[in-house]
Each structure stands twice: as structure tokens, then as C-alpha cells.
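# A structural walkthrough
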Amino acid sequence: QVQLVESGGGLVQPGGSLRLSCAASGPMFSLNAMGWYRQAPGKQREFVATIISDDSTTYADSVKGRFTISRDSAKNTVYLQMKSLKPEDTAVYYCNADVEYVPSAGYRKVWGRGTLVTVSS
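Below you will find a few notes about this structure. (Residues numbered from 1 in each chain as written. Predicted model: local features only at pLDDT ≥ 70, side-chain atom pairs only at ≥ 80, totals over all residues. Heavy atoms only, no water.)

## Quick look at the state of the cysteines
Inspection of the entire model under this criterion finds one disulfide. Two residues, C22 and C95, share a disulfide whose sulfurs are 2.0 Å apart. Taking the sign of the torsion about the S-S bond as the criterion, the disulfide between C22 and C95, at about -75°, is left-handed. Of this pair, C22 sits in strand β3 (residues 18-25) while C95 sits in strand β9 (residues 91-100), and the two are 73 residues apart along the sequence. Classification of C22 by relative accessible area gives buried; the value is 0%. (Disulfide = S-S within 2.5 Å. Helix = DSSP H or I, 4+ residues; strand = E, 2+ residues; numbered from the N terminus. Buried < 20%, exposed > 50% of the residue type's maximum accessible area, 1.4 Å probe, protein only.)

Structure (C-alpha cells):
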């Protein structure tokens, strides 16, 4: 089973920056889309950004121009560079990935356990 492990969360002041990482490990044939979601206290999990195998990206309107998603396919790792952080960005950030375990078997979505980002002065 593929595992996703997020890192890079923490406490940052408003206007600051953080870089999240998510590394996939375990037996797999390929990875397709990788992305980030977040869940703020008392709210539902929401989409943040995604990047697919051709490196095309999609962002939630709330983070456009402030967050950048990228990937290192050789390391099976996806990153989320976050700038100009706001208190409303406070949430647990979850990584996900579409994993193909066997050729032509289709993709299964795998989730990490999350990393907490707190934006506060």
C-alpha cells in the first residue's frame, strides 16, 4: 500500500510563508494527479490545488496567486509553496495522490494524514 507523508506545517505569522512537502512511498506502477486539500476547524475539507502528470495545475480561487504547487516525479513528491498567508489559511493540510498499482488497473486515490498550518500573530 502506498503511503503519503506530509511535512512542513507549523506556526507562521500573517504575511509569512511555508512550504509543505508530501512524499509517496511503497509499491506502485505510477502516480497521476497529486494534490492538496485542507480542513479548517469546524469546516468541511476543501480543495486547494492539484497537479497532474503533464505538470498542469489547478487552484482554488482562495489561494490563486499566493500558493504554488509543484512536483518532483523522480522523488514521488509534491510541494505546496504558500506565501502571503492569512489567518483563514489555518487548517490541517492533506496530500492526496492517484496511484496506479498495476498497469492498466486504474487509479486509486490515497490520502496522507495531514499537517497542521496555523497562521497567527
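## Considering the pairing of strand β5 (residues 46-51)
Two elements, strand β4 (residues 30-39) and β5, share five bridges in a ladder whose sense is antiparallel. Looking across to β5, one finds that G35 is bridged to T50. Hairpin connection from β4 to β5: six residues lie between these consecutive antiparallel strands, with G42 at a positive phi of about 75°. Sheet analysis places β5 next to strand β6 (residues 57-59), joined by three bridges and oriented antiparallel. Bridge pairing in β6 links T50 to T58. (Pairing = 2+ DSSP bridges.)

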